[in-house]
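This is what each chain is made of:
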Amino acid sequence: MAVERTLSIIKPDAVAKNVIGEIVSRFEKADLKIVAMQMKQLSKQDAEGFYAEHKERPFFADLVAFMTSGPVVVQVLEGENAIALNRELMGTTNPKEAAEGTIRRDFAESIDANAVHGSDSASSAEREIAYFFGA
Ligand code: GDP
Ligand code: MG
């Protein structure tokens, strides 16, 4: 397995719940290193550009409204198999279906306010890291 980098976002619901530290701690315990980190209030344009792949989905406007509803923590995680490992730690998109012990199961309320984002492939990781942190 190769050392990879992936983009993680702690979403506004989790920041509001005061669980930034608990979520970051799960990454660290899984041997993912935080190699970049920034707290940020996303603009509408930031959120629309980031989620451009979902532009045509019926929930796009709600997703952008949610992602701009409060500050987020954007970070780059690095480690062996980081992209898939982060997705595993996160759990499924709908927290009600997420496995026990996953971040979404433990900290998220609903399919829209679901605590974290994680890149889903090597190509999206590359695009998403560059989107927030440049080259
Ligand atoms: P992810 O990769 O697991 O985050 O899921 P997707 O890439 O499919 O969706 C991106 C984000 O859009 C999700 O994390 C949710 O915040 C949001 N989302 C997905 N499906 C729905 C939905 O049916 N309704 C709403 N309101 N938001 C959704
Ligand atoms: Mg996704």
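Residues numbered from 1 in each chain as written. Chains lettered and ligands numbered in written order. Predicted model: local features only at pLDDT ≥ 70, side-chain atom pairs only at ≥ 80, totals over all residues. Heavy atoms only, no water.

*Asks:* Any chance you could break down the pairing of strand β1 (residues 3-10) for me, citing the residues and the numbers?
*Replies:* Where β1 meets strand β3 (residues 72-80), eight bridges bridge the pair, whose relative direction is antiparallel. Each bridged residue has a counterpart across the sheet, and for S8 the counterpart in β3 is Q75. Across three bridges, β1 lies against strand β4 (residues 116-118) in antiparallel orientation. Counterpart to S8 in the pairing with β4 is G118. (Pairing = 2+ DSSP bridges. Helix = DSSP H or I, 4+ residues; strand = E, 2+ residues; numbered from the N terminus.)

*Asks:* Please set out the UniProt feature "binding site: ATP" (unreviewed entry) in the protein residue by residue, giving values where relevant.
*Replies:* Here the UniProt-annotated "binding site: ATP" (unreviewed entry) positions come out as K11, F59, R87, T93, R104 and N114. From this annotated list, the subset lining the largest pocket comprises K11, F59, R87, T93, R104 and N114. Structurally, K11 can be placed in the loop between β1 and α1 (12-16). Those residues within four positions of K11 in sequence are excluded, and the remaining contacts are Y51, F66, M67, P71, V72, R104, N114, A115, V116 and H117. On the secondary structure map, N114 appears in the loop between α6 (103-107) and β4. Its relative accessible area of 2% is what places N114 among the buried residues. (UniProt positions renumbered as here; feature names shortened; annotations may be inferred. 1 Å grid on protein atoms, 1.4 Å probe; cavity = no way out; pocket = protein on both sides within 12 Å on 5 of 7 lines; lining within 4 Å. Contact = heavy atoms within 4.5 Å. Buried < 20%, exposed > 50% of the residue type's maximum accessible area, 1.4 Å probe, protein only.)

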